[in-house]
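Okay, here's what each chain looks like letter by letter:
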Number of protein chains: 2
Amino acid sequence: MIRNLTEQDKEHLQEALVKSGQKVTPQREAVFTVLLAERDHPTVDEVFNRAREVMPGLSLATVYNCLETFVGCGLVRQVNHERESTRYCPNLAPHAHFRDKETGQVHDIELPPEVMKSLRSILPPGFDSEVIEISFLGRAQAKDTHSN
Amino acid sequence: MIRNLTEQDKEHLQEALVKSGQKVTPQREAVFTVLLAERDHPTVDEVFNRAREVMPGLSLATVYNCLETFVGCGLVRQVNHERESTRYCPNLAPHAHFRDKETGQVHDIELPPEVMKSLRSILPPGFDSEVIEISFLGRAQAKDTHSN
DNA sequence: TAATCAGTTAGAATGAGTCTAATCCGCAAG
DNA sequence: CTTGCGGATTAGACTCATTCTAACTGATTA
């Protein structure tokens, strides 16, 4: 079930949008609501289907646009795995992704700063990296908390 | 210029193929030759075009098939970045990839075992990972050795 | 020689994502 | 009010990497 945005989440959305010169629109609110409702790294199609329950006229193109806008203003992260459909994730903290080979589910893995540092340290001089993507592929015992 | 496979490389190819119940074919040799000639993480299309210089009748589907076979018997690795075309890399040692934002080139980054270990250690209990993919995105001073 | 079977081939099909052109909508100016 | 403007939204066409299909090839076995 998709519940409405809390006041806090609404402000968060508005602030991030306005900060990068974008507007709050009903469609963007709907898409953002869907993302926060189930933090399960949905694909565009999944977002689309869920959002339609709340806003039946919503078009797929708009979902693509909204998600792109959110990525642009740092509200969500894209998650790619192999060449499967892109997934979206509203977790802002630096984290890696663990993909369950069996179920296909994606779990967030917290990334301690030491690990980030040791990773950055393996770059030869002259290499300057902004983004580090880390993804595990394997099997996870189903004992899930919230990050599936 | 694409030179022929050394005897050593040929044996390497044959051994890996036979070990997984596959045959050595002229097409597979051609594709493998191309991969070893320039270790620049080519896309399927690039492999196709280069291989055609040597074997004009070669079809794109066969290049896909060959590369899939090679991946299956551990001869090469697939490299995916965002949703761009898959690239292929004959470097067998564990390594990360650094993608230059400007040029699009992919560089291999050696992965010391300590770093691998510290990465594996951040997985919560119950998570068992077989493959870890690490990719950097950033800018690299052009002072290239061989891994571009 | 016939049968078999993996590998190869050309071209069709798929599907995620992008592009385009038309429309909508909120708002500021007249 | 109503007109015009610009960004957002929409439906549908389009792209393009990859996969699929069905026919063909060529070596090996019966």
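Just so we're clear, the structure is a prediction, and the values are computed from it rather than from any experiment.

Rules used throughout
- Residues numbered from 1 in each chain as written.
- Chains lettered and ligands numbered in written order.
- Predicted model: local features only at pLDDT ≥ 70, side-chain atom pairs only at ≥ 80, totals over all residues.
- Heavy atoms only, no water.
- Phe/Tyr/Trp six-rings, centres within 6.5 Å; stacked < 30°, edge-to-face > 60°.
- Helix = DSSP H or I, 4+ residues; strand = E, 2+ residues; numbered from the N terminus.
- Buried < 20%, exposed > 50% of the residue type's maximum accessible area, 1.4 Å probe, protein only.
- 1 Å grid on protein atoms, 1.4 Å probe; cavity = no way out; pocket = protein on both sides within 12 Å on 5 of 7 lines; lining within 4 Å.
- Points joined across faces, edges and corners; volume = space filled by probe spheres on them.
- Nonpolar A, V, L, I, M, F, W, Y, C, P; charged D, E, K, R; others polar.
- Near = heavy atom within 4 Å.
- Polar contact = N/O pair within 3.5 Å; in protein donor to acceptor, adjacent residues only side chain to side chain.
- Domains from an automatic or database assignment.
- Contact = heavy atoms within 4.5 Å.
- Buried area = accessible area lost by both parts, 1.4 Å probe.
- Salt bridge = Lys/Arg side-chain N within 4 Å of Asp/Glu carboxyl O.

Caption draft 1: View of the packing of aromatic side chains. Evaluated as defined, the whole model comprises 6 aromatic pairs over all chains. Between the aromatic rings of A:F127 and B:F98, the centroid separation amounts to 4.8 Å while the plane-to-plane angle is 90°, which identifies the pairing as edge-to-face. Residue A:F127 is located in strand β5 (residues 127-140), and its partner B:F98 is located in strand β3 (residues 95-100); the two belong to separate chains. Like A:F127, the residue B:F98 is buried in the burial classification. Members of the aromatic cluster, each reached through a chain of ring pairs, are A:F98, A:F136 and B:F127.

Caption draft 2: Representation of the layout of surface pockets in the model. Counted as a void, the largest pocket has a volume near 870 Å³. Around the largest pocket sit 37 residues that line it, and A:E82, A:S135, B:Q78, B:V131 and B:E133 are the ones nearest its centre. Listing elements by their share of the lining of the largest pocket, those giving two or more residues are β1 (77-79) and β5 of chain A together with β1 (77-79), β3, α5 (113-121) and β5 (127-140) of chain B. As a volume, the second largest pocket reaches approximately 490 Å³. For the second largest pocket, the lining is made up of 23 residues, of which A:R77, A:Q78, A:V131, A:I132 and A:E133 are closest to its centre. Among the elements of the structure, β1, α5 (113-121) and β5 of chain A together with β5 of chain B are those that each provide at least two residues to the lining of the second largest pocket. When residues of the lining of the second largest pocket are assigned to their parent elements, the largest contribution, 4 residues, is made by β5(A). For the lining of the second largest pocket, the class distribution of residues is 12 nonpolar, 6 polar and 5 charged.

Caption draft 3: Spatial organisation of the protein's contact with DNA strand C. What surrounds DNA strand C is a group of 15 residues, the closest being A:T86, B:T25, B:S59, B:T62 and B:R83. Counting only atoms of DNA strand C within 4 Å of the protein, the fraction found in sugar and phosphate groups is 87%. Between DNA strand C and B:S59, the relevant distance is 3.2 Å, taken from a phosphate oxygen to a main-chain nitrogen or oxygen of the residue. In this structure, a phosphate oxygen belonging to DNA strand C sits 3.3 Å away from a side-chain N or O atom of B:R83.

Caption draft 4: Spatial organisation of the domain arrangement of chain A. Residues and elements named next belong to chain A. For chain A, the assigned domains are domain 1 (7-87) and domain 2 (93-138). The straight-line distance from the C-alpha centre of domain 1 to that of domain 2 is 23 Å. Taken together, the 7 residues of domain 1 in the interface contact 9 residues of domain 2. Across the domain 1/domain 2 interface, buried area totals approximately 750 Å², and carbon plus sulfur atoms make up 46% of it. Linking domain 1 with domain 2 are 2 salt bridges, by the criterion used here. At 3 residues, β1 tops the list of elements feeding residues into the side of domain 1 that touches domain 2. By residue class, the composition of the side of domain 1 that touches domain 2 is 1 nonpolar, 3 polar and 3 charged.

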